[in-house]
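Structural features, examined
Now for the letters of each chain:
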Amino acid sequence: MAAVAQCVRGALRPRLPLLSVALRTSPRLLCAATQQKNTGQNLEEDQSQSQNEQKVEPSSAEKLLAEEKAKLEEQLKEVTDKYKRALADAENIRQRSQKLVEEAKLYGIQSFCKDLLEVADILEKATESVPKEEIKDDNPHLKSLYEGLVMTEVQIQKVFKKHGLLRLNPVGAKFDPYEHEALFHAPVEGQEPGTIALVSKIGYKLHGRTLRPALVGVVKDA
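In this report, we go over the structure that sits alongside the text. (Residues numbered from 1 in each chain as written. Predicted model: local features only at pLDDT ≥ 70, side-chain atom pairs only at ≥ 80, totals over all residues. Heavy atoms only, no water.)

Okay, the sheet that holds strand 5 (residues 209-212) next. Ordered by their spatial adjacency, 3 strands build an open sheet running 1-4-5, and the pairing between neighbours is antiparallel. The open sheet has two edge strands, strand 1 (165-168) and strand 5, and neither has a second partner. Between one strand axis and the next, the sheet turns by 35 degrees as a mean value, whatever way the strands run. Where strand 1 and strand 4 (residues 203-206) come together, 4 bridges link them in antiparallel fashion. (Pairing = 2+ DSSP bridges. Helix = DSSP H or I, 4+ residues; strand = E, 2+ residues; numbered from the N terminus. Axes fitted to C-alpha atoms, helices over the stretch in contact; angles between N-to-C directions.)

Shown next as structure tokens:
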């Protein structure tokens, strides 16, 4: 047994200096490794924090781009609104112009028609002035003249109607200040007040618009 113990101590003795050196140097190595590990962790934390800050707070260039985008969107909205208003104004002008053109076509002959009305009045008075009892076969000249006046009056009324000009002979109708002009008011037995008892001068309407009001006598309360 003693011999065996000596052999073991002899075998370990050459290795003791190496073990002691390893024990002396290992704390330094462990400290350096720990410092490197901590430094790597700190770098990773700093990088992650920097990335988070960059995500949270945009850069000044991004802020400028966002502001410029907002300005451009506002300008686009204003331009779009102005464009829509311009289109609406143009459409209104087009419709008004079209209406004026149509009215000019309908009522452009208004002055001409008024002048012709005087001719129609003269023809009407001429036919009314011929004594009916004198229109006989034994008086052919007067009869031919009368028939010619009547035919002319009928023809001129056809022309008036063709161009939208209609007579207003409102005997017995209700008085309308837009179509009639009252010359007098008088009580008339058997007729309702406010109605027209007498037409002194025939009126005319051009395409539904009063061209010349009829001159009338209106019934009033007794």
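Let us keep going from here.
On inspection of all chains with the given rule, the structure shows 5 salt bridges. Across the pair Arg212 and Asp121 runs a salt bridge whose closest N-O atoms are separated by 2.7 Å. Here Asp121 lies in helix 4 (residues 110-129) and Arg212 lies in strand 5, a separation of 91 residues in the sequence. With respect to class, Arg212 is no different from Asp121; both count as buried. The residue Lys205 makes a salt bridge to Glu179 at a minimum N-O spacing of 2.8 Å. Of this pair, Lys205 sits in strand 4 while Glu179 sits in the loop between strand 1 and strand 2 (180-186), and the two are 26 residues apart along the sequence. (Salt bridge = Lys/Arg side-chain N within 4 Å of Asp/Glu carboxyl O. Buried < 20%, exposed > 50% of the residue type's maximum accessible area, 1.4 Å probe, protein only.)

Our next topic: the sheet that holds strand 3 (residues 196-201). As summarised here, the arrangement of the 3 strands in space is 2-6-3, forming an open sheet in which the pairing is mixed. Among the strands making up the open sheet, the edge pair consists of strand 2 and strand 3. Adjacent strand axes in the sheet meet at a mean angle of 30 degrees, parallel and antiparallel pairs treated alike.

This brings us to the environment of Ile202. With respect to the helices, strands and loops of the structure, Ile202 is situated in the loop between strand 3 and strand 4. Taking the C-alpha atoms as reference points, Ile202 and Arg212, 10 residues apart in sequence, are found 8.4 Å from one another. If we ignore the near neighbours within four places in the chain, the residues touching Ile202 are Glu124, Arg167, Leu168, Asn169, Arg212 and Ala214. (Contact = heavy atoms within 4.5 Å.)

Attention now moves to the packing of helix 4 against helix 5 (residues 140-162). Between helix 4 and helix 5, the least distance of the axes is 9 Å, while the angle of their chain directions is 150 degrees. On the basis of the axis angle, helix 4 is roughly antiparallel to helix 5. Crossing angle aside, the handedness with which helix 4 passes helix 5 is left-handed. When helix 4 is examined against helix 5, the residues Leu116, Leu117, Val119, Ala120, Leu123, Glu124, Ala126 and Thr127 are found in contact with a partner set consisting of Tyr146, Leu149, Val150, Thr152, Glu153, Ile156, Gln157 and Phe160. When grouped by side-chain class, the residues that make up the contact of helix 4 with helix 5 number 11 nonpolar, 3 polar and 2 charged. (Parallel < 35°, antiparallel > 145°, perpendicular 65-115°, else oblique. Left-handed = near helix turned anticlockwise from the far one by under 90°. Nonpolar A, V, L, I, M, F, W, Y, C, P; charged D, E, K, R; others polar.)

It is worth spelling out unusual backbone geometry at this point. Phi angles above zero are rare outside glycine, and His207 is one such case at about 50 degrees. On the secondary structure map, His207 appears in the loop between strand 4 and strand 5.

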